[in-house]
Amino acid sequence: MTGSLVIAGLGPGTEGLIAPDVMAALEAATDIVGYGPYVERIAAREGLRLHATDNRQEIERARHALELAAAGQKVVVVSSGDPGVFAMAAAVFEALEAAPAYLDLDIRVLPGITAMLAAAARIGAPLGHDFCAINLSDNLKPFELIEHRLRLAIRADFACAFYNPRSRARPHQFARLLDVMREEAGPERLIIFARAVFRPEEDIAVVPLAEAKPEMADMRTMVILANASTRRVGRFVYAPRKAEAP
Ligand code: SAH
């Protein structure tokens, strides 16, 4: 087997935020595999095949990538942000677990700048103290688990970074979670809606939970709920580095 498989992160949007090692892997690739909008970010060139697939076909996509690499191709599986954060890396390892013959392949994961870090950077340092990341999609887990983890995270006073906050298929769930946030954190707590960060359409809003509306989030928004001691300084928001005993 002379092929290779690189699972790479494209960062939040601009080319400057793609790691040089990822750029090198993209330049050396014969095949790019990924969700349509991410594959579209790769410039076409001769000798490069682009395989764009639908968002829900992650395991088939991972298997296809393994098959191409086993056939001798230099394959790069692309994700936005980081491939290990709610993205393709885990899907590739799941496919590998089901087909261990591919374990001899040259497989590498190359990190990218994940959306929560890109969003945090645009607003200051809201993740400057302890924090957690929660995927709000109930595609692969029950909604009760999302609500349960959200409550415990707020009680532990973690700042929370929410991926996949709201889709057309489940608009009511985010409204419900905003109620949970108000119940656990109170109406004054700051919440950040960072849409399409580092893209031309970027739009960022910071409001107290009392003013947060479900429509402020969509599937291109990173939502960050601040911890209890987070404050504003001018146009910035930051979580102080120190905390007291509970
Ligand atoms: N692997 C990706 C996350 C995939 S889940 C990463 O590490 O960033 C997709 C979710 O990421 C979106 O619903 C949104 O919440 C967030 N996201 C991705 N790119 C974003 C961007 N440029 N601006 C704001 N949020 C983004």
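Since we're looking at a predicted model, the values are computed, not measured.

A. Inspection of the nonpolar core at higher detail. Core analysis: the biggest nonpolar cluster contains 24 residues, and Phe162, Phe174, Met181, Ile191, Phe193 and Leu225 have the highest contact counts within it. Contributing elements (two or more residues each) for this core: strand S7 (131-135), helix H6 (143-155), strand S8 (159-163), helix H7 (171-185), strand S9 (190-195) and strand S11 (221-225). Element by element, the count of residues in this core is highest for H7, at six residues. Apart from residues no more than four positions distant in its own chain, Met181 is found in contact with Leu150, Ile154, Phe162, Phe174, Gly186, Ile191, Leu209 and Leu225.

B. View of the domain arrangement of the protein. In terms of domain boundaries, the protein breaks down into domain 1 (4-113) and domain 2 (116-238). On a C-alpha basis, the centroid separation for the pair domain 1 and domain 2 is 28 Å. Contact with domain 1, which involves nine residues of that partner, is made by 10 residues of domain 2. The contact between domain 1 and domain 2 buries some 760 Å² in all, and 67% of this surface belongs to carbon and sulfur atoms. Applying the counting rule to domain 1 against domain 2 returns zero residue pairs in polar contact (both at pLDDT 80 or more).

C. Looking closely at unusual backbone geometry. Positive phi outside glycine occurs at Asp157, with the angle close to 60°. Here Asp157 lies in the loop between H6 and S8. One non-glycine residue, Asn164, lies in the positive phi region at around 50°. Along the chain, the position of Asn164 falls in the loop between S8 and H7.

D. Expanded view of the state of the cysteines. Applying the stated criterion across every chain yields a total of zero disulfides. For the unlinked cysteine Cys132, the closest cysteine sulfur is that of Cys160, found at 3.9 Å.

E. Quick look at the packing of helix H3 (residues 58-70) against helix H4 (residues 88-98). Across the interface, H3 lies against H4 with an axial gap of 8 Å and an inter-helix angle of 70°. When the interaxial angle is binned, H3 and H4 end up roughly perpendicular. Of the two possible hands of crossing, H3 and H4 adopt the one that is right-handed. Across from Glu58, Ile59, Arg61, Ala62, Arg63 and Leu66 in H3, the residues of H4 making contact are Met88, Ala91, Val92, Glu94, Ala95 and Leu96. Of the residues belonging to the contact of H3 with H4, the class tally is eight nonpolar, no polar and four charged.

How each quantity is defined
- Residues numbered from 1 in each chain as written.
- Predicted model: local features only at pLDDT ≥ 70, side-chain atom pairs only at ≥ 80, totals over all residues.
- Heavy atoms only, no water.
- Core = buried A, V, L, I, M, F, W, Y, C linked by side-chain atoms within 4.5 Å.
- Buried < 20%, exposed > 50% of the residue type's maximum accessible area, 1.4 Å probe, protein only.
- Helix = DSSP H or I, 4+ residues; strand = E, 2+ residues; numbered from the N terminus.
- Contact = heavy atoms within 4.5 Å.
- Domains from an automatic or database assignment.
- Buried area = accessible area lost by both parts, 1.4 Å probe.
- Polar contact = N/O pair within 3.5 Å; in protein donor to acceptor, adjacent residues only side chain to side chain.
- Disulfide = S-S within 2.5 Å.
- Axes fitted to C-alpha atoms, helices over the stretch in contact; angles between N-to-C directions.
- Parallel < 35°, antiparallel > 145°, perpendicular 65-115°, else oblique.
- Left-handed = near helix turned anticlockwise from the far one by under 90°.
- Nonpolar A, V, L, I, M, F, W, Y, C, P; charged D, E, K, R; others polar.

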